[in-house]
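An overview of the molecular structure
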Amino acid sequence: QNVDVIDSTIKTMEEFSGYPLHEIDSVPSFSVDSANLQKQIDELSSFSDSPAPSVTRILYSENDVLARRFIKNLMDKAGLSVKEDAVGNIFGRWEGSEPSLPAVSTGSHIDAIPYSGKYDGVVGVLGAIESINVLKRSGFKPKRSLEVIMFTSEEPTRYGISCLGSRLLAGSESLARSLKKTVVDNDNISFLDAAKSAGYAKTDDFSNVFLDEKSYSAFVELHIEQGPILENEGISIGIVTAIAAPASIKVDFGGNGGHAGAVLMPQRNDAGLAAAELALAVEKHVLESGSIDTVGTVGILDLHPGAINSIPSKSHIEIDTRDIDEKRRNNVIEKIHESAVRIAKRRGVELLGFKIVNQDPPALSNELVIKAMESATQVLNLSSKMMISRAYHDSLFMARKAPMGMIFIPCYKGYSHKPEEYASPDDIANGVKVLALTLAKLSTN
Ligand SMILES: NC(=O)N[C@@H](O)C(=O)O
Ligand SMILES: [Mn+2]
Ligand SMILES: [Mn+2]
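This report concerns the structure included in the present document. (Residues numbered from 1 in each chain as written. Chains lettered and ligands numbered in written order. Predicted model: local features only at pLDDT ≥ 70, side-chain atom pairs only at ≥ 80, totals over all residues. Heavy atoms only, no water.)

What about the nonpolar core?
Stated formally: Buried Ala, Val, Leu, Ile, Met, Phe, Trp, Tyr and Cys residues form a nonpolar core when they are joined through side-chain atoms within 4.5 Å. To sort residues, take the accessible area from a 1.4 Å probe on protein chains only and compare it with the maximum for the residue type: under 20% means buried, over 50% means exposed, and anything in between is partly exposed. Secondary structure elements are taken from DSSP: a helix is a run of H or I of four residues or more, a strand is a run of E of two residues or more, and numbering for both begins at the N terminus. Throughout, a residue-residue contact means that at least one pair of heavy atoms, one from each residue, lies within 4.5 Å.
Ranked by internal contacts, the top residues of the largest apolar core, which has 102 residues, are Ile-71, Phe-191 and Phe-206. It is helix α13 (residues 425-444) that provides the largest number of residues to this core, a total of 10 residues. Those residues in contact with Ile-71, other than ones at most four positions away along the chain, are Leu-44, Ile-110, Val-125, Leu-126, Ile-129 and Met-150. Within the second largest apolar cluster, 20 residues are counted, among which are Ile-319, Ala-340, Ala-344 and Val-349.

Spelled out as structure tokens, the structure:
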């Protein structure tokens, strides 16, 4: 690598971090080991319950435990001191010259919904560890400590709770209580038992997971965009200004069921059709919100007994609705509830349950963190664009505990939550460099 690049990079680092890097005798290169990072992404994707190229990695499954061990090893190799909390959030710390100051943190998740891809969350964990390696290789020494976090269960797959680990870190009393007692998965395995089987939950008082106010001075998450904008516009970096407000609802209908041949249509109260009608009502209410920013999805629709020649006696649907405007999203939720009641009445079925699992507010990124990310992209001569995140992230909850920012990188056709999800090594390397410089900057503030 030619000296000019190194000099300008050193100069950049010094301006950025205020550290006399030129005094360091051997001048290492400021570069990302892309080949090694890609090898790590590929190896991590092999810890999967579904065949390649898809990745399925469910909370506390055997493959999740193996993947966690893989991450802890990489943190160890990066010289980070590693610790885990009662639900398995994993922390890797690089102690700064002033360890008593609140640290700067970064991180994401490695759990993967069924039949998804190998980049969602993973880029933000492996990329974070690599950003530490990049800073160490460049001779940088942090003032505030730098901490990489692998959050437990960002995906709601096993227990229907999204961002479980970061929600607890953000101090959710109700979640700490329900995890202790009531939360079970579809196989009726309690959260407590599953956590214990994975080596966690040595205590069931999950309030000890809560972060205290002064834990972190900033939190930055690197993530694939999961949308097509950056790729379509040929832009390298997305600077996230806000994260949309997610909500999820579980609805259950009950009817008499009966024989598909013998029961005539007028005598039926078909729980399956009630669910189908509600699914269409979700789409209707979302489309009528008057904004493109309102979305609604019915990703789960189960019928009981699930036999072709039996009228469904029970139905269960799960609804995901989001918007950058919390009020507008809540209006949609209300309309969905009214529809559920109306449909149940008209079809003579019982509305057995209408449970709002989470109804979270949107989160705004912090101005100072945005500035640090912006100047990092400029120093690295990378194009960037301010944008909002329609997907939710652990950042949504970390924003409650520290000034938050997110860095997006382009991904192939905006694909995500499917095996075709892809981000190029160059785009990942750009993201890691922007993250490294941003962390360097924030650690000297
Ligand atoms: N980033 C991401 O995919 N988060 C998901 O859990 C989501 O549904 O938004
Ligand atoms: Mn996801
Ligand atoms: Mn994610």
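Structural notes on the environment of Asp-205
Applicable threshold: Counted as a polar contact is a pair of N or O atoms within 3.5 Å, where, for protein atoms, one must be capable of donating a hydrogen and the other of accepting one, and residues adjacent in sequence contribute only when both atoms are in side chains.
Structurally, Asp-205 is set in the loop between α7 (191-197) and β7 (216-224). Spatially, the C-alpha atom of Asp-205 lies 7.3 Å from that of Ala-176, the residues being 29 residues apart in sequence. Within the local environment of Asp-205, its side chain forms a polar contact with the side chain of Ser-207, the two groups lying 2.5 Å apart.

Comments concerning the site of ligand 1
The line we're drawing: Here a residue is near a molecule or strand as soon as one of its heavy atoms is found within 4 Å of it. Calculation of accessible area relied on Shrake-Rupley with a 1.4 Å probe; when residues are assessed, cover is drawn exclusively from the protein chains displayed. Amino acids outside the nonpolar list (Ala, Val, Leu, Ile, Met, Phe, Trp, Tyr, Cys, Pro) and the charged list (Asp, Glu, Lys, Arg) are all regarded as polar, and Gly is one of them.
In the vicinity of ligand 1, the contacting residues are Asp-120, Glu-154, Glu-155, His-223, Gln-226, Arg-322, Ala-391, Tyr-392, His-393 and His-417. At a separation of 2.9 Å, a nitrogen atom of ligand 1 approaches a polar side-chain atom of Glu-154. Within the side chain of Gln-226, one N or O atom sits 2.8 Å away from an oxygen atom of ligand 1. Computed on the free molecule, ligand 1 has an accessible area of 260 Å², of which 94% lies beneath the protein chains in the complex. By residue class, the composition of the shell around ligand 1 is two nonpolar, four polar and four charged.

Quick word on the coordination of the manganese ion (ligand 2)
Where we set the bar: Coordination here is defined by N, O and S atoms within 2.8 Å of the metal (3.2 Å for Na, K and Ca), and since water is not considered, a site can look incomplete.
Those donors, Asp-120 (OD), Glu-155 (OE) and His-417 (NE2), are the protein atoms that reach the manganese ion (ligand 2), and they lie 2.0 to 2.2 Å from it. Spacing between the donor residues of the manganese ion (ligand 2) along the chain follows D-x34-E-x261-H. The metal-metal distance between the manganese ion (ligand 2) and the manganese ion (ligand 3) comes to 3.8 Å, with Asp-120 coordinating both. Of this pair, Asp-120 sits in the loop between β5 (112-116) and α4 (122-137) while His-417 sits in the loop between β15 (404-409) and α13, and the two are 297 residues apart along the sequence. According to the relative accessible area criterion, Asp-120 is buried, its value standing at 9%.

Here's the deal with the sheet that holds strand β9 (residues 245-254)
Basically, it comes down to this: Paired strands, as defined in this entry, are two strands with at least two bridges between them according to DSSP. Axis geometry follows a simple rule: fit a line to the C-alpha atoms, using only the stretch in contact for helices, then measure angles between N-to-C directions, giving values from 0 to 180 degrees.
The four strands are arranged β10-β11-β9-β12 in an open sheet whose pairing can be described as antiparallel. Whereas interior strands pair on both sides, the edge strands pair on one side only; in this sheet they are β10 (295-304) and β12 (350-359). Each adjacent strand pair in this sheet contributes to an overall mean axis angle of 15°, direction not counted. Bridge analysis of β9 against β12 gives eight bridges, and the strand direction is antiparallel. Across the sheet, Lys-250 pairs through a bridge with Lys-355, a residue of β12.

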